[in-house]
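Observations on chain architecture
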Amino acid sequence: MNFDLTEEQQMIVDQAAKFVANESPVDRFRKLRETEQGWEPAMWAKMAEQGWLAIAVPEEQGGFGGTFLDMALILEQLGRGLVAEPIIASAVLAGGILSDLGTEAQREAFLDPMIEGSTSLAFAYAEAQSRYALADCKTTATKDGDGYKLNGEKVWVLNGHAADQIIVVARTAGGQFDDEGLSLFVVDGDAAGLERVRVNQMDGQRSAILRFTDVAVAADRLLGREGEARATIELAVDRGAAAACAEGFGCAQELFERTVAYLKEREQFGVPIGSFQALQHKVVDMYAELELLRSALILSSVQVDIEDEETRKAEISAAKLQLTDSGWFIQENAIQLFGGIGVTDEQDEGLFFKRLRCLQGLFGDGDWHVDRFQSLKGFDAVD
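Predicted model, so just to flag it, every value in this text is computed and none were measured.

With that out of the way, let us pick up the packing of aromatic side chains. Inspection of the entire model under this criterion finds eight aromatic pairs. With 4.4 Å between their ring centres and 20 degrees between their planes, Tyr262 and Phe338 make a pair best called stacked. Here the residue Tyr262 occupies a position in helix H7 (residues 230–265), and Phe338 occupies one in helix H9 (residues 309–338), the gap between them amounting to 76 residues. In this structure Tyr262 comes out as buried when scored by relative accessible area, which is 16%.

Below is the structure:
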């Protein structure tokens, strides 16, 4: 497989790298950690001007008609700067669903303002008891006149604390664990009956717990056909997993390069510690793991929107496991080679460590993706 980037893709990488270096270095993230929102609308608007929020949206819907790999290349660079703006929550998750299922009127009302950078979105699907089981849904949407009323609770909703609109998974039929009966609704962030509890994550970013009490939504807020959202939810979460791999690779790459630079700078016994053979061996192993992760994320990004569902699941689960295993190897050794200061808040390396740790758990951890991989056709006999 040819992993070389096209001329256009290399331009995307160069543009994103320059943007992060000039507009959003790690020091900016340190300041954002102290704010309630955790990200800046003004920076969000600048990202929209770059075309990043519309890059994977089809041209006929007002986007640039790019691929998911184009988006992954941007996310990789954003990961290298710990950029906190909600591109995964808005453009990858909710934006992808609106592009797939939204009517022209729904896209005009909710997708267009997001890709213009004037609003942000969120996708609420996980519940306290569900862990990674997508069909496990207690939140209900019951008929109420011409519309619906939503009741229930969603947890760890990325950008749920700040989103202008939230796409909510709710059950319109069936039991708690049934694949059938799941529906998607667009709920305004300031809807009556919606309580938003901001959560400060381990990595300094924000998410939210959302509680719905008789939240009224009109019939025109239903996305797609009632009760048939299961496949769309799974595709959205797979896109999220591939996006987490891309951003996580950026974090791992930054950790690796910072570690190599430190080994060349730090001296012991009058020589750089990077001249010690034992430490060189560790760095070589870190580089090998980084390349394995790069290969896995490229393949998963290429396969994320293919029609063959089994292949998509296999490649994304393989990449997510690689993010867990290779990412942890790089994290662990980077901190070891830096010594105790590597985990202090004063060192930027600790920030990359925490962000990478969160990305490893998002959209299914390594163990969950191993189980899913083994459940696919051809792997039934694997223990």
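Here the narrative resumes.
Now for empty space enclosed by the protein. Tallying each qualifying case throughout the model produces two cavities of 30 Å³ or more. A volume near 260 Å³ is recorded for the largest cavity. Of the residues forming the lining of the largest cavity, the biggest block, three residues, is contributed by helix H5 (residues 87–101). Split into classes, the residues belonging to the lining of the largest cavity amount to eleven nonpolar, six polar and four charged. Lining the second largest cavity are Tyr125, Arg131, Tyr132, Leu134, Val237, Asp238, Phe363, Gly364, Trp368, His369 and Arg372. Those elements giving two or more residues to the lining of the second largest cavity turn out to be H7 and helix H11 (366–375).

So, on to the pairing of strand E5 (residues 182–188). Where burial is concerned, most of E5 is hidden: six out of the seven residues are buried. Of the pairings in the sheet, the one linking strand E4 (residues 165–171) to E5 comprises seven bridges and is antiparallel in character. Across the sheet, the residue bridging to Val169 is Leu184, located in E5. Taken together, the two bridges between E5 and strand E8 (residues 222–223) define a ladder with antiparallel strand orientation. Bridging across to E8, Phe185 finds its partner in Leu222.

The next thing to look at is the pattern of salt bridges. Across all of its chains, the model carries 28 salt bridges by this definition. In this structure, Arg33 engages Asp345 in a salt bridge whose closest nitrogen and oxygen atoms are separated by 2.9 Å. Remark: Asp345 occurs in the loop between H9 and helix H10 (348–361) and Arg33 occurs in the loop between helix H2 (26–32) and helix H3 (41–49); sequence separation between them is 312 residues. Assessed through its relative accessible area of 32%, Asp345 is described here as partly exposed. One salt-bridge network, held together by shared partners, links Arg30, Arg33, Arg80, Glu254, Glu257, Arg258, Asp345, Asp348 and Glu349.

Moving on, we get to the nonpolar core. Of all hydrophobic cores here, the largest spans 98 residues; its most connected members are Ile87 and Phe123. Once residues within four sequence positions are removed from consideration, Ile87 is found in contact with Trp44, Met47, Trp52, Leu53, Met71, Leu75, Leu78 and Val92. Counting 20 residues, the second-largest nonpolar core is a separate cluster that includes Val157, Val168, Val187 and Leu210.

Each pair of packed helices can be described by the angle between their axes along with the distance between the axes. Viewed as axis vectors pointing N to C, helix H4 (residues 68–80) and H7 meet at an angle of 40 degrees, and their least axial separation amounts to 7 Å. Between H4 and H7, the interaxial angle falls into the category oblique. Remark: the crossing between H4 and H7 carries right-handed chirality. From H4, Phe68, Ala72, Leu75, Glu76, Gly79 and Arg80 reach across to H7, where they touch Arg239, Ala242, Ala243, Ala246, Glu247, Phe249, Gly250, Cys251, Gln253, Glu254 and Glu257. A class-by-class count of the residues in the contact of H4 with H7 yields eight nonpolar, three polar and six charged.

About the criteria used
- Residues numbered from 1 in each chain as written.
- Predicted model: local features only at pLDDT ≥ 70, side-chain atom pairs only at ≥ 80, totals over all residues.
- Heavy atoms only, no water.
- Phe/Tyr/Trp six-rings, centres within 6.5 Å; stacked < 30°, edge-to-face > 60°.
- Helix = DSSP H or I, 4+ residues; strand = E, 2+ residues; numbered from the N terminus.
- Buried < 20%, exposed > 50% of the residue type's maximum accessible area, 1.4 Å probe, protein only.
- 1 Å grid on protein atoms, 1.4 Å probe; cavity = no way out; pocket = protein on both sides within 12 Å on 5 of 7 lines; lining within 4 Å.
- Points joined across faces, edges and corners; volume = space filled by probe spheres on them.
- Nonpolar A, V, L, I, M, F, W, Y, C, P; charged D, E, K, R; others polar.
- Pairing = 2+ DSSP bridges.
- Salt bridge = Lys/Arg side-chain N within 4 Å of Asp/Glu carboxyl O.
- Core = buried A, V, L, I, M, F, W, Y, C linked by side-chain atoms within 4.5 Å.
- Contact = heavy atoms within 4.5 Å.
- Axes fitted to C-alpha atoms, helices over the stretch in contact; angles between N-to-C directions.
- Parallel < 35°, antiparallel > 145°, perpendicular 65-115°, else oblique.
- Left-handed = near helix turned anticlockwise from the far one by under 90°.

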